[in-house]
Amino acid sequence: KFCYQQVLNHRLGDWLDLPITKISKKMVAEKHKYISTVGTPWKPSKQHANLSMRILKSILNWASVTYGDEEGKPLLSANPVSRLSKTRAWNKIPARGAVMPQEKLRDWYESVNTICRSNTRDYLLLILFTGLRKSEAASLTWANVDFDGRFLMILREDELGDQRLRKLPLSNFAYDLLKKRFNVHKSEFVFPGKSGHMGHFPDVLVRLRRQCGFYFSLNDLRRTFITT
């Protein structure tokens, strides 16, 4: 995934030195359409067009309440990105709604439990039983786990890029899984790896998909938890 800074550099790089008061509604509309349909030198992308403008909107909102002119008035009387909402120009992106087939969950669970590496096995199970993002689960530390309160503390960014701690309650299954790992842990990370926390394991996923008889992604596990 592109981080916010990468999106800005790639899609709005020619605007980075512009005073925010010079960005007009017309410029926003044209740039949004350009990223959606042309995108040069990058590939056109409706998703990136929407994301670029949402990031820009957040930045301009923040700047508007943080800075003012000599009289203390906001630098912007209105956010130019609002043009996209008023003209209904936002690209319609189909929701990513793939979840694990309910009738296949038993097969998936049994297949996962055949994995010899407890690191990988427990990682997959924890995502399914908590709805954690794959990066959140991979980088989870024991400092994030409160066994007394039976919850996880997860650091997430809001739309303005501010870091906020979120409490995620633990089910009995997730609690027991983490407790067993904690009793034998030798690392600050719940799922340790060679360079700190665990990395990718495409070979295991390929084998699991073949064994289960259907394709699934790590994001499907998260969506299955949320849907359930």
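Values in this document were obtained by computation on a predicted structure and should not be read as measured data.

Enquirer: Is there a simple way to explain the overall build of the chain in this structure?
Expert: Along its length, the chain carries 10 helices and five strands. Its C-alpha atoms give the chain a radius of gyration of 22 Å, more than 25% over the compact-globule value 17 Å for 228 residues. Across its three principal directions, the C-alpha atoms of the chain cover 60 × 40 × 35 Å. Out of the 228 residues belonging to the chain, those deemed buried represent 39%. Long-range pairs, those at least 24 residues apart, make up 59% of the contacts in the chain between residues at least 6 apart in sequence. For the chain, the computed accessible surface area is about 14500 Å², with 53% contributed by carbon and sulfur atoms. Taking the average place of the 38 positive charges on the side chains of the chain and the average place of its 21 negative ones, the gap between the two points comes to 7 Å.

Enquirer: Even after reading the chapter, I still don't get the packing of helix α1 (residues 4-11) against helix α3 (residues 46-66), so can you show me in this structure?
Expert: What describes two packed helices is the angle between their axes and the distance between those same axes. Two numbers describe how α1 lies on α3: the axes approach to 10 Å, and their chain directions differ by 110 degrees. Comparing their axes, α3 and α1 come out roughly perpendicular. For the pair formed by α1 and α3, the contact residues are Y4, V7, L8 and R11 on the first element and H48, L51, S52, I55 and I59 on the second. Here the contact of α1 with α3 is composed, by residue class, of six nonpolar, two polar and one charged.

Enquirer: What exactly am I supposed to notice about the environment of S58 here?
Expert: Secondary-structure assignment places S58 in helix α3. The spacing of S58 and W90 is 32 residues in sequence and 16 Å in space, taken between C-alpha atoms.

Enquirer: I tried to follow the packing of aromatic side chains on my own but got confused; where do I start?
Expert: Aromatic rings in a pair are described by how distant their centres are and how their planes are angled relative to each other. Using the criterion set out here, one finds 11 aromatic pairs in the structure. For the ring pair F147 and Y175, a centre distance of 5.7 Å and an interplane angle of 85 degrees mean the geometry is edge-to-face. Of the two residues, F147 sits in the loop between β1 (145-146) and β2 (151-157) while Y175 sits in helix α8 (residues 172-183), which places them 28 residues apart along the sequence. We classify Y175 as buried; its relative accessible area is 16%. Chaining the aromatic ring pairs together yields one cluster made of W142, F147, Y175 and F182. Positioned over the ring face of W90 is R54, at 4.9 Å from the centre of the ring. Above the plane of the ring of Y175 lies R150, whose end atom (NZ or CZ) is 4.0 Å from the centre.

Enquirer: Just to check I follow, could you spell out the environment of I23 for this structure?
Expert: When you line up the elements, I23 lands in the loop between α1 and α2 (25-37). By relative accessible area, I23 is classed as buried at 8%. Residues I23 and G39 lie 16 residues apart in sequence; the distance between their C-alpha atoms is 19 Å. Those residues within four positions of I23 in sequence are excluded, and the remaining contacts are W15, L18, V28, L56 and P80.

Basis of the calculations
Every residue gets a number counted from 1 within its own chain, in the order that chain's sequence is written. Where local features are concerned, this predicted model is filtered to residues with pLDDT of at least 70; where side-chain atom pairs are given and counted, the filter is 80 or more; whole-chain, interface and lining totals use all residues. Side-chain calculation: all heavy atoms of the structure are included, whereas hydrogens and water are not. A helix here means a DSSP run of H or I that spans at least four residues, while a strand means a run of E at least two residues long, and both kinds are numbered starting from the N terminus. Throughout, the radius of gyration refers to the C-alpha atoms, and the reference size of a globule is 2.2 Å times the residue count to the power 0.38. Each residue's exposure class comes from its accessible area (1.4 Å probe, protein chains only) as a fraction of the maximum for that residue type: buried when under 20%, exposed when over 50%, partly exposed otherwise. Any two residues whose heavy atoms approach within 4.5 Å at even a single point are treated as in contact. Using the Shrake-Rupley algorithm and a 1.4 Å probe, accessible areas are obtained, with residue cover drawn only from the displayed protein chains. None of His or the chain ends enter the tally, which takes Lys and Arg as positive and Asp and Glu as negative. Working definition for charges: the position is that of NZ of Lys, CZ of Arg, CG of Asp or CD of Glu. For helices, the axis comes from a line fit to the C-alpha atoms of the stretch in contact; other axes are also lines fit to C-alpha atoms, and the angle between any two N-to-C directions lies between 0 and 180 degrees. Each angle receives one of four descriptions, namely roughly parallel if under 35 degrees, roughly antiparallel if over 145, roughly perpendicular if within 65 to 115, and oblique otherwise. Any residue that is not Ala, Val, Leu, Ile, Met, Phe, Trp, Tyr, Cys, Pro, Asp, Glu, Lys or Arg is counted as polar, Gly included; the first ten are nonpolar and the last four charged. Any pair of Phe, Tyr and Trp rings, taking the six-membered ring for Trp, is counted once the centres come within 6.5 Å. Such a pair is stacked with planes under 30 degrees apart, edge-to-face with planes over 60 apart, and tilted for the rest. Here, a charge over a ring is recorded when the distance from Lys NZ or Arg CZ to the ring centre is within 6 Å and its angle to the ring normal is within 35 degrees.

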